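Chain residues, written in single-letter form:
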Amino acid sequence: MARDHTIRAFAHLRLRQVKIDSWSVAGNHSRNGELWLTDGDYRARLLHTVRDADVPAAGSNAARQAYYRNVPLFTLAQQRLTGPPDDRLLFVWRIDLKTGVPAFRVVRPIGNWKWGDHAQTDIDFILPETAEDLAALEFEPSDEGMELDIPNEDQLEGGIEDAGGSAG
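Here the structure is a predicted model, which means the values were calculated and not measured.

Conventions and cut-offs
- Residues numbered from 1 in each chain as written.
- Predicted model: local features only at pLDDT ≥ 70, side-chain atom pairs only at ≥ 80, totals over all residues.
- Heavy atoms only, no water.
- Helix = DSSP H or I, 4+ residues; strand = E, 2+ residues; numbered from the N terminus.
- Contact = heavy atoms within 4.5 Å.
- Areas by Shrake-Rupley, 256 points an atom, 1.4 Å probe, with all protein chains shown as cover.
- Pairing = 2+ DSSP bridges.
- Axes fitted to C-alpha atoms, helices over the stretch in contact; angles between N-to-C directions.
- Core = buried A, V, L, I, M, F, W, Y, C linked by side-chain atoms within 4.5 Å.
- Buried < 20%, exposed > 50% of the residue type's maximum accessible area, 1.4 Å probe, protein only.

Asker: Hey, could you go over the overall build of the chain for me, with residue numbers and the actual values?
Answerer: When its secondary structure is counted, the chain shows 3 helices and 6 strands. By sequence separation, contacts in the chain at least 24 residues apart represent 41% of the contacts at least 6 residues apart. In the structure as shown, the chain presents an accessible area of about 12400 Å², 54% of it carried by carbon and sulfur atoms.

Okay, here's the thing in structure tokens:
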């Protein structure tokens, strides 16, 4: 754990010395090494994890649980792909023990879960290693592997029952 605190302290120091477009360091480092970034609209909390698949749980802290409860982006009622201007993100980082290379994931939590359970997120992707790769990143939507639950699908045209009428 002391190693993580040292890394966060060094990150605070370095991030305060550089300009990262519109982003700036937020959070209070004296509170257990808290490391946050903000651009005035979005907030990102940097959290350490041990394994690639892990997303740290909010735990019992009420403020942290509230941070994890973003309104889900992918609901039929909303029909949108961008979140509200107060989106709360997690930047989950870890260092590969074999290569020593850090890896970062962007995660958008939409609920709470217990440690070891499946994380409730609607966005989860690995950041590219370089700024050039990040700038070239494109969103390519795909419906592969998705199943839609359409109520009363069997009664609709094309379902099991014929809707009648003529195709010609």
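That covers the picture; the talk isn't over yet.
Asker: With reference to specific residues and values, describe the sheet that holds strand β4 (residues 88-95).
Answerer: Read across the open sheet, the 6 strands follow the order β1-β2-β3-β4-β5-β6; overall the sheet is mixed. A strand with exactly one partner marks an edge of an open sheet, and here the two such strands are β1 (24-26) and β6 (121-126). Strand-to-strand twist of the sheet, defined as the mean angle between neighbouring strand axes without regard to direction, takes the value 25°.

Asker: A description of the nonpolar core should follow, citing residues and the corresponding values.
Answerer: In terms of nonpolar packing, the biggest core is built from 12 residues, these being Trp-36, Leu-47, Val-55, Ala-57, Ala-58, Tyr-67, Tyr-68, Leu-90, Val-92, Val-107, Trp-113 and Ala-119. When sequence neighbours within four positions are dropped, the list of residues in contact with Ala-58 reads Arg-64, Gln-65, Tyr-68, Asn-112 and Trp-113. Listed in part, the 9 residues of the second largest apolar core include Val-25, Leu-37, Ala-44 and Leu-89.

Asker: Would you mind going over the pairing of β4 in detail, with residue names and values included?
Answerer: Along β4, 7 of the 8 residues are buried, which leaves the element largely enclosed by surrounding structure. As paired strands, strand β3 (residues 43-48) and β4 are joined by 6 bridges and run parallel to one another. In the strand pairing of β4, Leu-47 is matched with Val-92. What sits between β4 and strand β5 (residues 102-109) in their antiparallel hairpin is a turn of 6 residues, with Gly-100 showing a positive phi close to 75°.

Asker: I'd like a description of the environment of Tyr-42, backed by residues and values.
Answerer: Mapped onto the elements, Tyr-42 comes out in the loop between β2 (36-38) and β3. A residue is classified by how much of its surface remains accessible, and Tyr-42, at 27% relative accessible area, is partly exposed. Sequence separation between Tyr-42 and Asp-87 is 45 residues; the distance between their C-alpha atoms is 5.2 Å.

Asker: Before we move on, can you summarise the side chain of Thr-49 with the specific residues and values?
Answerer: If you trace the backbone, Thr-49 turns up in the loop between β3 and α2 (62-67). Ignoring sequence-local partners within four residues, the contact set of Thr-49 consists of Asp-54, Val-92, Trp-93 and Arg-94.

By themselves, these are just geometric observations and shouldn't be taken as functional.
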